[in-house]
Structure formats: C-alpha cells, structure tokens
Amino acid sequence: MKLTDRDKRLIPIVLIAALGISLFFFYPWERQSDQDPNLPPATGEVREVPFSLIDWAISTWHEKTTREPVVAIIRQDIPAQIGAISPDGKYIATGGSIISRVAISSVADKRIVHKLRTGSGIVTAVAFSPDGRYLAAGRGFMAHAHHSDSVNIWDAKSGRLIRNLHGPAGPERIENEVTSLVFSPDSRYIAVGFHPQPDRGDTVHLFDVETGERIRTMHPSGLAQWYITFLDEGKYLGFEDDGFNIHEVSTGKRMEQLHAPGACALSPDGRYLATGARLLRIIDRETGREVKTLGEETGYYRAFAFSPDGRYLAAYSDGSLVLWDVTAGRKVRELKAQPDIVSYAIGFDAEGKYFMAVCNKYVVVWDFRKLISDQAN
C-alpha cells in the first residue's frame, strides 16, 4: 500500500498524540490535594504515587540485563542522592538536592508508592529508627526562606507527621540546615548534625523523639558531620570531626579521637573503624592502630557500610562499588548492576538480607546473601 503525502503528514501527528495519551495514563502524576500547592502543609501530607508502566518497563529492562542477584531496580522520578532502607527491608526512603518530598519506595512493588511532605526546603538526610516505628528527614534551605523546622519525624507505617524539630539558629537562618541524622539503638533519641553555626563551628544536637526536647548540644569543629552513629548500645556518639571522635552521650564530653582520613564507618560492634581517602584502612578503636589495609583506589572513597554481622564491608569510590570480606581481607565482588552514578547512600537492612545503593535516577537492591554465596561457590 502506497502512502499519500497527506498520510505521511498525519503519521507524526498520530504518534505524538499516542505518546501524549500514554504519558497521561501511565506517568506517575502525583495526586494533588485541595490545598494551595504554593503553601506547604502545616501538619504533613501523604501523596500516593500511582503505578507507572513507563517506570516499570525501564526498571524491568535494567533488572533483566544484569547478571547479579538484583531484587529490584526502582526508578526515581527526581534524581536522589541520599537514602535509607527500613530495618525490615521492605521500604527505602530517598531524598536529594532538588527534592522537597521524601519518596518512599516499596522493594516488593519495585516502585515509589507514596511521598511525604511538610515545610519548605529540600531533603538532606533520612533515617529509619531501629524499631521501625519512625522515619526522620533533615531539611536543607534556600537563603531568606522560612525554615525553622529542620527535622520532620513521621510514623513510618501510616506516614502521619508526628513532630518537627527546630534548628539551633532561630527562624529563617541557613544555619538550620541538617547535614546528617541518626536514631539511637533503642529509638528513644535522635542525633542531628547541623550546618556550621556562626563562631561555633558545626553542632550536633541530641533530641528526645517522644517529646521533641533538645537534650544536649555538642560543638565540634567547623567540618560537616556527614557520618554520625551511636555505639556501645547508645552510650556513646561518634562522628567525623577532624578525624573520628567519640563523645559520651550523657555528658557530651569527648572520650576518644581517632585519626581517620576520608570517609568513615564504624562496625556494628563498635570495635573497628573503616576509613580512607584513596587507601581503605581498618582501625582498631581501642588501640587506634591500623590492623588491616584492604584496597587502594585511583579515585577517592566516598562511602562505607558494614553488614549487620560486621564481616563484610561495602565501599564506594569514584570508580567502583565493592564488597569486601573484612575477616579474610579479600575483595568479594565488584558490583556493576547500577544503571546510574552511585551516591553516598549505601546500606543494609537489619538482618543483612538486602544491600541497597541510591544511584541518582534509580535505587538498586541486591539479594546480599546470594551475592556472597555466589562468590563462595
């Protein structure tokens, strides 16, 4: 059948119309509330995200083309740089430099299922409480915007906003920006690292989760607190500060200081510190001495994460994402399944069933047990 000139002109019009219809039905447009979109909700808001055939198709294609034991590759509608996996491994919360709402992805459904929003600014840090009850998000702000609520805490199951925690610098100050946050092992407290304060450097604040009361403030140096963790059942708090420093929670007094060039991560039992810029070192916390050197990279190490049993260490550098067997001192596997640039957000669920990495437009979740068993075989 020969096409006429009129038919040839109609073909692109029909194709464009079909594409527009498919985007309307299958793209995950957020369901809008009746509230003015220019006014942030005062009490929090949960927005359900419908299924997207386009996102499903793209993620499925990436999953099928990898040779690694991938559980899910979840496409993000906005590029994400930070994230956290829930203790039960069912959900992943993500945020980033241009994200105003926390996106909640379901590992089983392999997609974003809803978003949480409150206040102004962007999402700079997220964390689930160890008992799975809470989800917290730290906020970053544009200058001269209204921003006193630096941390939002939600009920992790319902998405209901429980409370806001105020920053240390008063209303409408950029110093209220959060750099990191973490819950204590018993989920009673949350430690928050803030943007450098005028004439005081950075501050780390300890809050009571139930009451929102600010219990204690610690004043380290002017370095950003990107990594912060509780140890010894919540008795101590460790964070980057011209090395890795350990403070007593009850007094705020610094108890230890370890030389730690570059990124840091503390083993679950608190015994070893992984650190390194180009060279990955394992340091004994009690002696402060280097006990093992695992590997050297051409680029810089950006993030570390220990498995829950402390045996394995995930290390992300400029050029690779690698799993190490710390006990044996050997490289287990270099992961290649990520379809985009890996961010600083890597981690495990509480049981070590899954390992996840936030990769800009995607979140990748691996079956961790298969990862290490495949290499053993």
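Small disclaimer: the values here were computed from a predicted structure and weren't measured.

About the criteria used
For every chain, the first residue of the written sequence is number 1, and numbering continues from 1 onward in sequence order. Confidence filtering applies because this is a predicted model: local features only for residues at pLDDT of at least 70, side-chain atom pairs given and counted only at 80 or more, and all residues used for totals across whole chains, interfaces and linings. Based on all heavy atoms of the structure, the side-chain values leave hydrogens and waters out of the count. Counting from the N terminus, the helices are DSSP H or I runs at least four residues long and the strands are E runs at least two residues long. Exposure categories follow from relative accessible area, calculated using a 1.4 Å probe and restricted to protein chains: below 20% of the type maximum is buried, above 50% is exposed, and the middle band is partly exposed. Working rule for contacts: check all heavy atoms of both residues, and any pair within 4.5 Å makes them a contact. Accessible surface is estimated by sampling points in the Shrake-Rupley manner with a 1.4 Å probe; for residues, cover comes only from the protein chains shown. Each patch is built from residues that are more than 30% exposed by relative accessible area and take part in no salt bridge. Like charges join if they lie within 9 Å; nonpolar side chains (Val, Leu, Ile, Met, Phe, Trp, Tyr) join within 5 Å. Every case where a carboxyl oxygen of Asp or Glu lies within 4 Å of a side-chain nitrogen of Lys or Arg is listed as a salt bridge. Method remark: on a 1 Å grid restricted to protein atoms, a set of points is classed as a cavity if a 1.4 Å probe fits but cannot get out and as a pocket if it is open with protein on both sides within 12 Å along at least five of seven lines; lining residues have an atom within 4 Å of a point. Grid points are joined across faces, edges and corners, and a volume is the space filled by probe spheres set on the points. Looking at any residue, its pLDDT shows the predictor's confidence there, from 0 to 100.

1. Section: the overall build of the chain
Working step 1: Scanning the chain from N- to C-terminus turns up three helices and 28 strands.
Working step 2: Counting over 377 residues, the chain shows a buried share of 51%.
Working step 3: Expressed as a percentage of contacts within the chain between residues at least 6 apart in sequence, the contacts between residues at least 24 apart total 43%.
Working step 4: Per element, the accessible surface of the chain, about 18400 Å² overall, is 52% carbon and sulfur.

2. What about a nonpolar patch on the surface?
Working step 1: On the surface, Phe-51, Leu-53 and Trp-56 cluster together into a nonpolar patch covering about 310 Å² of accessible area.
Working step 2: Tracing the sequence through the fold places Phe-51 in the loop between strand S1 (45-48) and helix H2 (53-65).
Working step 3: Residue Phe-51 is classed as partly exposed on the basis of its relative accessible area of 43%.

3. Some points on the layout of surface pockets
Working step 1: By volume, the second largest pocket is sized at about 260 Å³.
Working step 2: If you go around the second largest pocket, you meet 16 residues; those closest to its centre are Tyr-91, Phe-128, Gly-132, Ala-156 and Lys-157.

4. A short note on the confidence of the model for the chain
Working step 1: With 81% of its residues at a pLDDT of 70 or more, the chain shows a mean pLDDT of 84.
Working step 2: With pLDDT under 50 throughout, residues 23-42 is counted as low confidence; its partners more than four residues away or in other chains account for 33 contacts.

5. Let's talk about the environment of Ala-169
Working step 1: In this structure, Ala-169 sits in the loop between strand S10 (161-166) and strand S11 (178-183).
Working step 2: The exposure class assigned to Ala-169 is buried, which follows from its relative accessible area of 18%.
Working step 3: C-alpha separation for the pair Ala-169 and Phe-194, spaced 25 residues apart in sequence, amounts to 9.8 Å.

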